[in-house]
Amino acid sequence: MAEEEETTRPEFPITRVKKIMKVDKDINKINSEALHLVTYSTELFLRFLAEKSSVVAAEKKRKTVNLDHLRIAVKRHQPTSDFLLDSLPLPSAHPVRVTKTVSERNPPPVGTRRIDAFFSKGKAKVDSP
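We now turn to the structure provided with this report. Because the structure is a prediction, the values reported are computed rather than measured.

Moving on, we come to the pattern of salt bridges. In the structure shown here, the tally under the stated rule is 2 salt bridges. Where E11 meets R47, a salt bridge forms, and the shortest distance between an N and an O atom there is 3.6 Å. Highlighted residues: E11 in the segment before α1 (14-22) and R47 in helix α2 (residues 32-59), separated in sequence by 36 residues. Taking the relative accessible area as the measure of exposure, E11 reaches 64% and is therefore exposed. According to the relative accessible area criterion, R47 is partly exposed, its value standing at 37%. In this structure, R76 engages E59 in a salt bridge whose closest nitrogen and oxygen atoms are separated by 2.8 Å. Here the residue R76 occupies a position in helix α3 (residues 67-76), and E59 occupies one in helix α2, the gap between them amounting to 17 residues. Note on R76: relative accessible area 52%, which makes it exposed.

Moving on: α3. Here α3 has its buried residues at H69, R71, A73 and V74. Taken together, the buried residues of α3 touch α2 and α4 (78-84). Regarding α3, its N-cap is N66, as a side-chain oxygen of that residue lies 3.1 Å from the backbone nitrogen of D68 further along.

Evaluated as defined, the whole model comprises 1 aromatic pair. The interplanar angle of 35° and the centroid separation of 6.0 Å between the aromatic rings of F45 and F83 together place this pair among those described as tilted. Taken as a pair, F45 in helix α2 and F83 in helix α4 lie far apart in primary sequence, 38 residues in all. Classification of F45 as partly exposed rests on a relative accessible area of 28%.

Rules used throughout
Residues numbered from 1 in each chain as written. Predicted model: local features only at pLDDT ≥ 70, side-chain atom pairs only at ≥ 80, totals over all residues. Heavy atoms only, no water. Salt bridge = Lys/Arg side-chain N within 4 Å of Asp/Glu carboxyl O. Helix = DSSP H or I, 4+ residues; strand = E, 2+ residues; numbered from the N terminus. Buried < 20%, exposed > 50% of the residue type's maximum accessible area, 1.4 Å probe, protein only. Contact = heavy atoms within 4.5 Å. Polar contact = N/O pair within 3.5 Å; in protein donor to acceptor, adjacent residues only side chain to side chain. Phe/Tyr/Trp six-rings, centres within 6.5 Å; stacked < 30°, edge-to-face > 60°.

Below, the structure is given as structure tokens:
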């Protein structure tokens, strides 16, 4: 009985992986088996990182994985930490969320005045037309 080979298609687009590999000037031609192997290896590696990061997020009782969880997961796995930790962006000391008010998101039409000056406690100078 001949064993049938199980063909698995990678989830990443092979043409994109090939373009990324060709960025390296030392690579002229890419064998289809090598391309498939690199694509599948990348998928496995990213799945591994996602799983480890989700474990860290669950330990911290968070539902969303963020950069800090990824950094902790990479630090815990020594082979990954050796080459990847330097490539990750540094965590910010305090995440800053800038929220805009409705008036900042939608500026008034040209030629209209803001009503905020009218309702201010002090005497605000209102532009006269």
